[in-house]
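One-letter residues, chain by chain:
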Amino acid sequence: MTMTSVAKGTGRANEDFTGAVPTAAVLVDGAGIPGGESTCRHGVAWYAGRLGGSLLSLLPLVGDRGLPALLAAAIEQVTDDHRDTCDVADPISPSAAVAVLRLSDGLLEYLVLGDAVLVLDRAEDAPLVVSDPREVIISRSYEPALKAAAEGGDDYHRILRDLRAHRNRPGGFWVAKDDPRAADEAITGSCPISELAGAVLLSNGASRIVDRFQLADWPQVMAVLAASGLAEIIHRVRQAEARHAVAADDATITHCADLGQA
């Protein structure tokens, strides 16, 4: 298993988290907007790290519970950790997308909540891409207004608040935040380990190599990972961000290889 995580810029806090134990891997992509410090004194990076650490502590110990139940327990733990000091229910308090995989009884179980991406590298078939498109679909309707508003201005923040009002509501999109019930909305499934060559978890800052910049398709990404490693994917993303004048994002990849031998 190999991992890499690169912050959006020098001196900037990395709001992604990834980690693993022998039978599971977790990736958490934290989210927040300017002004969120007024609702949570800890910040987005703290939330992502705390949620990821909680998940990693639960996954090996409770093998008979499904991944949504474990994510719900982790969300509840982290919310309780700062409920007394922070306004956890405020729309701009920290939240996160989550991707999880776990090996259990010959199966690879997976969960995706929010805009993280999980790719299963199948030995005899095309990669299976597991994603949760709901946030992307809703966000598209706000893109013209966000582009027209001055970034960081009052109108820009108002539009972001309106977008986030769709979060964790029926008909909207779902992320890890303060309500454990959001975990029930995650995309889940399983695949026989014997059918897999590997699996990759990506934050949306890394998956943009495919879904935003269209520099490669997923089979090509898997080939690059095998030939050149994780850093090459992020290098290509950074080049595309500079070329298109797109703000960099934290980029994180966890690659689990040789699953068929697990």
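The present account deals with the structure reproduced in this document. (Residues numbered from 1 in each chain as written. Predicted model: local features only at pLDDT ≥ 70, side-chain atom pairs only at ≥ 80, totals over all residues. Heavy atoms only, no water.)

**Description of the overall build of the protein chain**
(1) Moving on: Regarding its fold elements, the protein chain presents 8 helices and 10 strands.
(2) Moving on: Dimensions of the protein chain, computed from C-alpha atoms along their principal axes, come out at roughly 55 × 45 × 35 Å.
(3) Moving on: For the protein chain, buried positions account for 50% of its 262 residues.
(4) Moving on: Relative to all contacts within the protein chain whose residues are 6 or more apart in sequence, the contacts with residues 24 or more apart total 70%.
(5) Moving on: Across the protein chain, the mean location of the 23 positive side-chain charges is 5 Å away from that of the 36 negative side-chain charges. (Helix = DSSP H or I, 4+ residues; strand = E, 2+ residues; numbered from the N terminus. Buried < 20%, exposed > 50% of the residue type's maximum accessible area, 1.4 Å probe, protein only. Contact = heavy atoms within 4.5 Å. Lys, Arg positive; Asp, Glu negative; His and termini not counted. Charge placed at Lys NZ, Arg CZ, Asp CG, Glu CD.)

**Concerning the packing of helix H7 (residues 218-228) against helix H8 (residues 230-243)**
(1) Moving on: Close contact between H7 and H8 brings their axes to 7 Å; oriented N to C, the two are set at 125°. Taken as axis vectors, H7 and H8 run oblique relative to one another. Each of Val221, Val224, Leu225 and Ser228 in H7 lies in contact with H8, whose residues at this interface are Leu230, Glu232, Ile233 and Arg236.
(2) Moving on: Along the lines of polarity and charge, the residues of the contact of H7 with H8 split into 5 nonpolar, 1 polar and 2 charged. (Axes fitted to C-alpha atoms, helices over the stretch in contact; angles between N-to-C directions. Parallel < 35°, antiparallel > 145°, perpendicular 65-115°, else oblique. Nonpolar A, V, L, I, M, F, W, Y, C, P; charged D, E, K, R; others polar.)

**Here's the deal with the environment of Asp80**
(1) Moving on: Relative to the elements of secondary structure, Asp80 occurs in helix H2 (residues 67-82).
(2) Moving on: The exposure class of Asp80 is partly exposed, given its relative accessible area of 43%.
(3) Moving on: Between the C-alpha atom of Asp80 and that of Asp178, which follows or precedes it by 98 residues, the distance is 8.8 Å.

**Brief notes about the sheet that holds strand S6 (residues 117-122)**
(1) Moving on: Spatial ordering of the open sheet is given by S1-S10-S9-S6-S7, a layout of 5 strands whose pairing is antiparallel. Only two strands of the sheet have a single neighbouring strand rather than two, namely strand S1 (2-6) and strand S7 (128-131). Shown here is a sheet whose adjacent strand axes are inclined to one another by a mean of 10°, direction ignored.
(2) Moving on: Inspection of the sheet shows S6 paired to S7 by 4 bridges, in the antiparallel sense. Among the inter-strand pairings, Leu120 is bridged to a residue of S7, identified as Leu128.
(3) Moving on: Packed onto the sheet, helix H6 (residues 204-211) meets S6, strand S9 (196-202) and strand S10 (251-257) and runs at close to 80° relative to S10. (Pairing = 2+ DSSP bridges.)

**Re the side chain of Ser95**
(1) Moving on: Its place among the elements puts Ser95 in strand S4 (residues 95-104).
(2) Moving on: Of note is the side chain of Ser95, whose polar atom sits 3.1 Å from the side chain of Arg167.
(3) Moving on: Excluding residues that lie within four positions of it along the chain, Ser95 makes contacts with Asp29, Gly30, Ala31, Tyr47, Arg167, Val175, Ala176 and Lys177. (Polar contact = N/O pair within 3.5 Å; in protein donor to acceptor, adjacent residues only side chain to side chain.)

**Here we look at the packing of helix H1 (residues 44-58) against H2**
(1) Moving on: Packing of H1 against H2 leaves a shortest axis separation of 9 Å and a crossing angle of 135°. What the angle tells us is that H1 and H2 run oblique. By crossing handedness, the relation of H1 to H2 is classed as right-handed. Of the residues in H2, those in contact with Trp46, Tyr47, Arg50, Leu51, Ser54, Leu55 and Leu58 of H1 are Leu70, Leu71, Ala73, Ala74, Ile75, Gln77, Val78, Asp81 and His82.
(2) Moving on: In terms of residue class, the contact of H1 with H2 is built from 11 nonpolar, 3 polar and 2 charged. (Left-handed = near helix turned anticlockwise from the far one by under 90°.)

**Overview of the pairing of strand S2 (residues 16-21)**
(1) Moving on: Of all the 6 residues making up S2, 5 are buried; the element is thus mostly covered by neighbouring parts of the structure.
(2) Moving on: Sheet topology note: the S2/strand S3 (residues 24-31) ladder contains 6 bridges and is antiparallel. Along S3, the bridge assignment pairs Gly19 with Val26.

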